[in-house]
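Report on the structure
Chain by chain, the residues run as shown.
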Amino acid sequence: MDRKGLAMKVYKIVAINLGSTSTKIAYYENDRCVLKENLSHQSSDLKGFATVWEQYDYRMDAICGFLDAHGIRVEKLDAFVTRGGHTKPLSGGVYRVNELMLEQSRSERYGNHPTDLGLQIAWGFARYGPVPLTVDPPTTDEFEPLARYSGLAEMPRRSSFQVLNHRAVGKQFAKDQGKDYRALNLIVAHMGGGITVAAHKKGRLVDANNGIAGDGPFSTNRTGTLPVGALVDACYSGAFTYQQMMRKINGEGGLMAYLGDADAYRAEQEAAKGSQKHREALEAMCYQTSKEIAACAAVLCGEVDAIIITGGMAHSLMMMDWIRRRVEFIAPVALYPGEYEMQSLALSAYDALRGMERIKELV
Ligand SMILES: Nc1ncnc2c1ncn2[C@@H]1O[C@H](COP(=O)(O)OP(=O)(O)O)[C@@H](O)[C@H]1O
Ligand SMILES: CCCC(=O)OP(=O)(O)O
């Protein structure tokens with residue numbers, strides 16, 4: 001109730017986050033998280049889908065199962081907010097999902113990831129009432145001019161990474177330190193299904209490896225940077241279609257290629273039981289991540305206030321030790337295991353619904 005005894009509006013928000021190895025769902029009332037679930041998906045389940053789009057029913061079942069189990073009625077929701085998909089480069093913030101966004105996401109021109117399905121799902125639910133929203137999409141682009149050079153004029157480097165969690169964790173770290181995010185130089189490494197490392201220069205994401213089909217460290221299911229000549233040879237060998245090559249790079253690369261399983265937690269358990277193969281693959285992934293962190297230190301001319309490691313793999317003490325040993329000469333290392341994405345999605349939607357944050361549209 002407000003001071004006049006009038007009932008205050010309670011905004012009801014569902015947030016979804018389709019990671020490459022998980023589906024995360026939360027239900028918020030205003031800024032309060034009422035329910036949250038993290039469904040992790042087995043590599044063996046996902047292996048059967050040739051494309052992200054084929055996962056639609058599988059992911060929908062997970063989401064509808066959550067809504068049904070908790071009696072959440074879609075027509076009573078104010079917003080359905082999802083981690084974003086791939087569109088042309090845009091500025092960060094809260095966006096209403098629109099036809100143009102869906103069309104660009106479907107085209108795969110700017111990248112492809114299960115989050116692209118998230119846009120479709122939010123749009124589908126919008127017909128029952130909730131506003132379909134997305135926040136800090138992965139193609140949020142704040143790169144500086146030098147970061148765009150690749151070595152070929154027609155192939156500029158592009159911004160494509162877990163912007164939502166990067167920004168949320170950077171802000172959380174600054175808050176925990178009693179500092180202003182825009183006054184700090186940070187290196188953030190997100191270690192989820194994909195691994196992306198970005199230089200946060202006074203609140204701007206000025207350089208990062210492309211987490212979809214680009215560069216940087218290999219991850220649970222992605223190759224990251226590959227030897228260029230060998231890659232071109234494989235493309236022209238006649239042994240693979242375009243789709244098969246793309247899937248090798250994003251889906252069947254990284255731990256999946258070395259160990260036949262994209263689950264880092266299981267790999268760590270195997271390493272603990274004595275498997276040298278599992279131990280070395282995990283250590284190599286951390287070695288490459290450390291190299292990427294050190295590269296971002298050069299981007300920031302060595303003026304680094306902190307290195308922050310986040311994502312599911314930041315839970316692993318063994319992996320965090322390997323990275324810390326290689327990079328703590330640069331700056332103190334802070335661990336933020338898991339993600340701040342669900343909170344960031346829901347709270348941004350809440351601010352947008354009550355007019356505290358502008359809702360943008362892709363045009
Ligand atoms: N305690 C842990 N130790 C090691 N790895 C972990 C741990 N918890 C989660 N992980 C790993 O983190 C990865 C998933 O990270 P997450 O950020 O949830 O990814 P996504 O959102 O991209 O699906 C999985 O490979 C999982 O095995
Ligand atoms: C644009 C990169 C998104 C990404 O890699 O997310 P996951 O770690 O959830 O696969």
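Residues take numbers from 1 onward in each chain, read along the sequence in its written order. Here every chain gets a letter starting at A, and every ligand a number starting at 1, in the order they are written. It should be noted that, the model being predicted, local features are given only for residues of pLDDT at least 70 and side-chain atom pairs only at 80 or more, the latter also being counted only at that level, while totals for whole chains, interfaces and linings use all residues. In computing side-chain properties, one takes all heavy atoms of the structure into account and sets aside hydrogens as well as water.

Named according to an unreviewed UniProt entry, the chain is Probable butyrate kinase originating from Anaerotruncus colihominis DSM 17241. UniProt positions are given in the numbering used here, feature names are shortened, and annotations may be inferred rather than shown by experiment. The UniProt entry for the chain carries this comment under Sequence similarities (unreviewed entry): "Belongs to the acetokinase family."

1. A closer look at the site of ligand 1
Within the structure, ligand 1 sits among 18 residues, and Thr21, Ser22, Lys24, Gly193 and Asp263 are positioned closest to it. Here the accessible surface of atoms and residues is derived via Shrake-Rupley with a 1.4 Å probe, and residues count as covered only by protein chains that are part of the display. Relative to its free-state accessible area of 580 Å², ligand 1 is covered by the protein chains to the extent of 84%. To qualify as a helix, a DSSP run of H or I must reach at least 4 residues; to qualify as a strand, a run of E must reach at least 2; elements of each kind are numbered from the N terminus. Looking at the shell around ligand 1, the elements that each hand over two or more residues are β2 (22–29) and α9 (264–272). Per element, the largest residue contribution to the shell around ligand 1 is 3 residues, and it comes from α9. Residues are sorted three ways: Asp, Glu, Lys and Arg are charged, Ala, Val, Leu, Ile, Met, Phe, Trp, Tyr, Cys and Pro are nonpolar, and all the rest, Gly among them, are polar. Considered class by class, the residues forming the shell around ligand 1 number 4 nonpolar, 11 polar and 3 charged. For the purposes of this description, domain bounds are those given by an automatic or database domain assignment. Looking at which domains feed residues into the shell around ligand 1, each of domain 1 (12–140 + 342–361) and domain 2 (145–331) supplies at least three. We call a residue near a given molecule or strand whenever any one of its heavy atoms falls within 4 Å of it.

2. Structural notes on the pattern of salt bridges
Salt bridges are defined as contacts in which a side-chain nitrogen from Lys or Arg sits within 4 Å of a carboxyl oxygen from Asp or Glu. Taken as a whole, this structure holds 19 salt bridges when the rule is applied. Salt-bridge contacts for arginine 167 lead to glutamate 142; the nearest nitrogen and oxygen are separated by 2.6 Å. Linking arginine 167 in helix α5 (residues 163–176) with glutamate 142 in the loop between β6 (131–135) and α5, this pair joins segments that are 25 residues apart in sequence. For the exposure calls, accessible area comes from a 1.4 Å probe over protein chains only, and a residue counts as buried if that area is under 20% of its type's maximum, exposed if over 50%, partly exposed in between. The class of glutamate 142 is buried, set by a relative accessible area of 19%. A salt bridge links glutamate 252 to arginine 247, with the nearest nitrogen and oxygen atoms 3.2 Å apart. Classification of glutamate 252 by relative accessible area gives partly exposed; the value is 34%. Where salt bridges share partners, they join Glu144, Lys201 and Arg204 into one cluster.

3. Here we look at the layout of surface pockets
There is about 430 Å³ of room inside the second largest pocket. Put simply, the grid is 1 Å and covers the protein atoms alone, a cavity is a trapped set of points that fit a 1.4 Å probe, a pocket is an open set with protein on both sides within 12 Å along at least five of seven lines, and lining residues have an atom within 4 Å of a point. Around the second largest pocket, the lining is made up of 18 residues, and of these Arg167, Ala168, Lys171, Ser344 and Ser348 lie nearest the centre. Listing elements by their share of the lining of the second largest pocket, those giving two or more residues are α5 and α12 (341–353). Residues of the lining of the second largest pocket, tallied by class, amount to 5 nonpolar, 6 polar and 7 charged. If you count residues domain by domain, the lining of the second largest pocket takes at least three from each of domain 1 (12–140 + 342–361) and domain 2 (145–331). Grid points are joined across faces, edges and corners, and a volume is the space filled by probe spheres set on the points.

4. Things to note about the nonpolar core
In this structure, Ile187, Ile307, Ile309 and Met319 are the most contacted members of the largest nonpolar core, which totals 33 residues. Of all the elements in the fold, those that place two or more residues in this core are β7 (185–191), β8 (195–201), α8 (255–259), α9, α10 (276–299), β10 (306–311) and α11 (317–327). Here this core gets 7 residues from one element, more than from any other, and that element is α10. In this structure methionine 319 touches Ala264, Leu282, Met285, Cys286 and Met313, once residues within four positions along its chain are discounted. Judged by nonpolar contacts, the second largest core, of 20 residues, contains Ala168, Tyr181, Leu184 and Leu205. To define a nonpolar core, start from buried Ala, Val, Leu, Ile, Met, Phe, Trp, Tyr and Cys residues and group those joined through side-chain atoms within 4.5 Å. Contacts are residue-level and defined by heavy atoms, with any inter-residue pair within 4.5 Å sufficient.

5. Some points on helix α7 (residues 242–249)
Those residues of α7 not exposed but buried are Met245, Arg247 and Ile249. Contacts from the buried residues of α7 go to α1 (43–46) and α6 (228–236). At the exit of α7 stands glycine 251, carrying a positive phi of roughly 135°.

6. Digging into the domain arrangement of the chain
As assigned here, the chain comprises domain 1 (12–140 + 342–361) and domain 2 (145–331). Taking the mean C-alpha position of each, domain 1 and domain 2 sit 23 Å from one another. In this complex, domain 1 contributes 25 residues to the contact, which on the side of domain 2 involves 24 residues. Summed over the shared surface of domain 1 and domain 2, the result is 0 salt bridges. Each polar contact in these results corresponds to two N or O atoms within 3.5 Å; when the atoms are within protein, one needs to be able to donate a hydrogen and the other to accept it, and residues that are neighboring in sequence are counted only if both atoms are side-chain atoms. Where domain 1 touches domain 2, the interface holds 9 residue pairs in polar contact (both at pLDDT 80 or more). Listed by contribution, the elements that provide at least two residues to the side of domain 1 that touches domain 2 are α1 and α12. Ranked by residues supplied to the side of domain 1 that touches domain 2, first place goes to α12 with 3 residues.

7. Some remarks on the environment of leucine 317
The topology assignment puts leucine 317 in helix α11. As a C-alpha pair, leucine 317 and glycine 214 span 103 residues in sequence and 28 Å in three-dimensional space.

8. A short note on the sheet that holds β6
Strand pairing within a sheet occurs via backbone hydrogen bonds; the two strands may be parallel or antiparallel. By this definition, two strands are paired if DSSP reports at least two bridges between them. If you trace the 7 strands from one edge of the open sheet to the other, you get β3-β2-β1-β4-β6-β5-β12, paired in mixed fashion. The sheet terminates laterally at β3 (32–40) and β12 (359–360), the two strands that pair on one side only. When β2 meets β3, the two strands line up antiparallel, connected through 8 bridges. Pairing of glutamate 29 across the sheet is with arginine 32, part of β3.

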